[in-house]
Amino acid sequence: MMFFVRFALRFSFFSHVIVSFFLYLFNNIFVLSFFKKGLFHKLRQFLFAFLELIRYIFFSKNLPILITYDFAVSPPTYGDFLLVIFLCRFFRLHQRDVYLFVPNCSSISFLDEFKSFSLSLGIDIEFIEDSCRLSSLLDSLSIFRLFDWSPFTSVNPSKHYFNFFNLLLAISSKNLIQSLLIRPFNFPDFKPPFSSYIALHCRYTSISNPLFFTEKKRNTDQVTFLKTVRALSKLYSSKPIVILTSIDGFKYFSSVVREHNLSNVYFADSAGNYFSAVPYVIFSHSYFQLNGGGIGTVAWFSDVPYFICVKAMANEVPLNFFHLSSWSRRDQINRQILINYEFFSFLKFFAPTTH
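What you see is a predicted model; the values in this text were computed from it and never measured.

Each value, and the rule that gives it
Along each chain, residues carry numbers from 1 onward, in the same order as the chain's sequence is written. Reporting in this predicted model follows two pLDDT cut-offs: at least 70 for local features of residues, and 80 or more for side-chain atom pairs to be given and counted; totals over whole chains, interfaces and linings ignore these cut-offs and use all residues. Think of the side-chain values as coming from all heavy atoms in the structure, minus any hydrogens and water. Whether two strands pair comes down to DSSP finding at least two bridges between them. Secondary structure is summarised from DSSP: a helix means a run of H or I of at least four residues, a strand means a run of E of at least two, and numbering begins at the N terminus for each. To define axes, lines are fitted to C-alpha atoms, for helices over the stretch in contact only, and angles between the resulting N-to-C directions are given on a 0 to 180 degree scale. Contact between two residues is taken to exist if any of their heavy atoms lie within 4.5 Å; hydrogens are not considered.

**Focus: the sheet that holds strand β3 (residues 126–128)**
Alright, step 1. Spatial ordering of the open sheet is given by β3-β2-β1-β4, a layout of 4 strands whose pairing is parallel. Each edge of the open sheet is held by one strand with a lone partner, namely β3 and β4 (144–145).
Alright, step 2. Of the strand pairs in this sheet, strand β1 (residues 65–68) and strand β2 (residues 98–101) are connected by 4 bridges, and their pairing is parallel. Residue pairing in the sheet places T68 in a bridge with F101 of β2.

**A word on the sheet that holds strand β9 (residues 306–310)**
Alright, step 1. With parallel pairing, the 6 strands of this open sheet are ordered in space as β7-β6-β5-β8-β9-β10. On the outer flanks of this sheet lie β7 (265–267) and β10 (332–336), each paired with one strand and no other. When strand polarity is set aside, the average angle formed by the axes of neighbouring strands in this sheet is 20°.
Alright, step 2. Of the pairings in the sheet, the one linking strand β5 (residues 198–201) to strand β8 (residues 286–290) comprises 4 bridges and is parallel in character. Bridged to H201 within β8 is Q289.
Alright, step 3. Along the sheet, helix α13 (residues 274–282) contacts β5, β6 (241–244) and β8; its crossing angle with β6, the most-contacted strand, is approximately 150°.

Listed below in structure tokens is the structure:
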């Protein structure tokens, strides 16, 4: 099948779309239906989100909002938790009091960073870390608790938050969505490395890292790194490329850059720190990511053109073939792929403006 894909993609744009549509069907229906119950799973995720939207519209009134993110069953990852922070920001823009219940967080090192980040964006949230405080709150206030209506969703409601948020913003005003996004003025102390540059996120976890065996499938190898940098250099010949990566990634990719004498390629002064990398995304001309990781969530809630491709979407139901979110623009693309070759092929047709 991969030979057929590569052969067809060498021809017209029309055949490219046909083959890509075939890949989409294969990936989302045939493969996932047999091995991950994909089609039924996606429909169920959408249905739960839709029902919660109806419940929110008719029953939340002006009540305070309680959101739960239980680290015992929810991913302890930056990208997933950042989505929850922006969900809180949405409710605060509606003048709702917001309580974020985060049980089993004692081993989560980034929670304090998120508290500081939330305050820096003016998101006034009360983080609740213990059940006693939650019980006291529920006894004293009438609260609307998200996804508190079914044993199927209340066990781990966080897996439904993206789809609920996606539907919520689909019926929201453009002005509210614009108020939700983060922009350069939110980072007054940040000095961008260039007046205009391309941000590229490349993930790499070394074999000495304890997380290697769970993360290696998302690593960017040397061949893919070189191909990506050269493709972007061709599209944006006048703009430097700034690499966003981890400490492991900096060590690995900087050696690749030196070995191959790549020009106009630089590294952000943020290796290993998620929040230090955020403004590099916000100030960039365009953001690109092939597989990568959670920093792509920052691009979702920005005004920056982006091109993100991933090989797996566990719970998210995409808006359409090219766009994951309802609030994204035409030059903000996030889609699921089967092979890396699709990223480079789509890049030729759908890359954001090169102006």
